Each structure stands twice: as C-alpha cells, then as structure tokens.
Amino acid sequence: MTQTHRGQTEDQVKQALQDQLRVFGVVPNAKQMAIYAAAISSLPQLPPNTKR
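Residues numbered from 1 in each chain as written. Predicted model: local features only at pLDDT ≥ 70, side-chain atom pairs only at ≥ 80, totals over all residues. Heavy atoms only, no water.

(A) Focus on the packing of helix H1 (residues 10-23) against helix H2 (residues 30-41). Two numbers describe how H1 lies on H2: the axes approach to 8 Å, and their chain directions differ by 125 degrees. With respect to their mutual orientation, H1 and H2 come out oblique. Helix-helix and strand crossings are classified by hand; for H1 and H2 the assignment is right-handed. Touching Glu10, Val13, Lys14, Leu17, Gln18 and Leu21 of H1 are Met33, Ala34, Tyr36, Ala37, Ala38, Ile40 and Ser41, all from H2. Taken together, the residues of the contact of H1 with H2 sort by class into 9 nonpolar, 2 polar and 2 charged. (Axes fitted to C-alpha atoms, helices over the stretch in contact; angles between N-to-C directions. Helix = DSSP H or I, 4+ residues; strand = E, 2+ residues; numbered from the N terminus. Parallel < 35°, antiparallel > 145°, perpendicular 65-115°, else oblique. Left-handed = near helix turned anticlockwise from the far one by under 90°. Contact = heavy atoms within 4.5 Å. Nonpolar A, V, L, I, M, F, W, Y, C, P; charged D, E, K, R; others polar.)

What follows is the structure in structure tokens.
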C-alpha cells in the first residue's frame, strides 16, 4: 500500500485499504483507517522505476 498509493488523496488510500481488508473479512476501524490514510497520502510519490 505504501508503495502503490503514497501521494494519493486520503479518500483514495482509505478506500483501497478498506477494499483490501474486506477481502480477508476484516471490518476496518474508521478512526484507524483515517490515521493510516493520512500517513500514506502524505508520503511523496516514488519515481518511476527506470531500471531494465
């Protein structure tokens, strides 16, 4: 998640987290999701991987 969604909006990160957790039958805590989403969205995006 921190590799693929960093720098995106909090709502996008929160939705992706919820979707991934629900696959495993986990009902996420809304307060924790907001904390995690804020932290992940505040990270700078990674530069594209140009190694070949």
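Structure shown, so let's carry the discussion forward.
(B) Structural detail: the nonpolar core. Core analysis: the biggest nonpolar cluster contains 5 residues, these being Val13, Leu17, Met33, Ala37 and Ile40. The set of elements that each furnish at least two residues to this core consists of H1 and H2. Setting aside residues no more than four positions away along its own chain, alanine 37 makes contact with Glu10, Val13, Lys14 and Leu17. (Core = buried A, V, L, I, M, F, W, Y, C linked by side-chain atoms within 4.5 Å. Buried < 20%, exposed > 50% of the residue type's maximum accessible area, 1.4 Å probe, protein only.)

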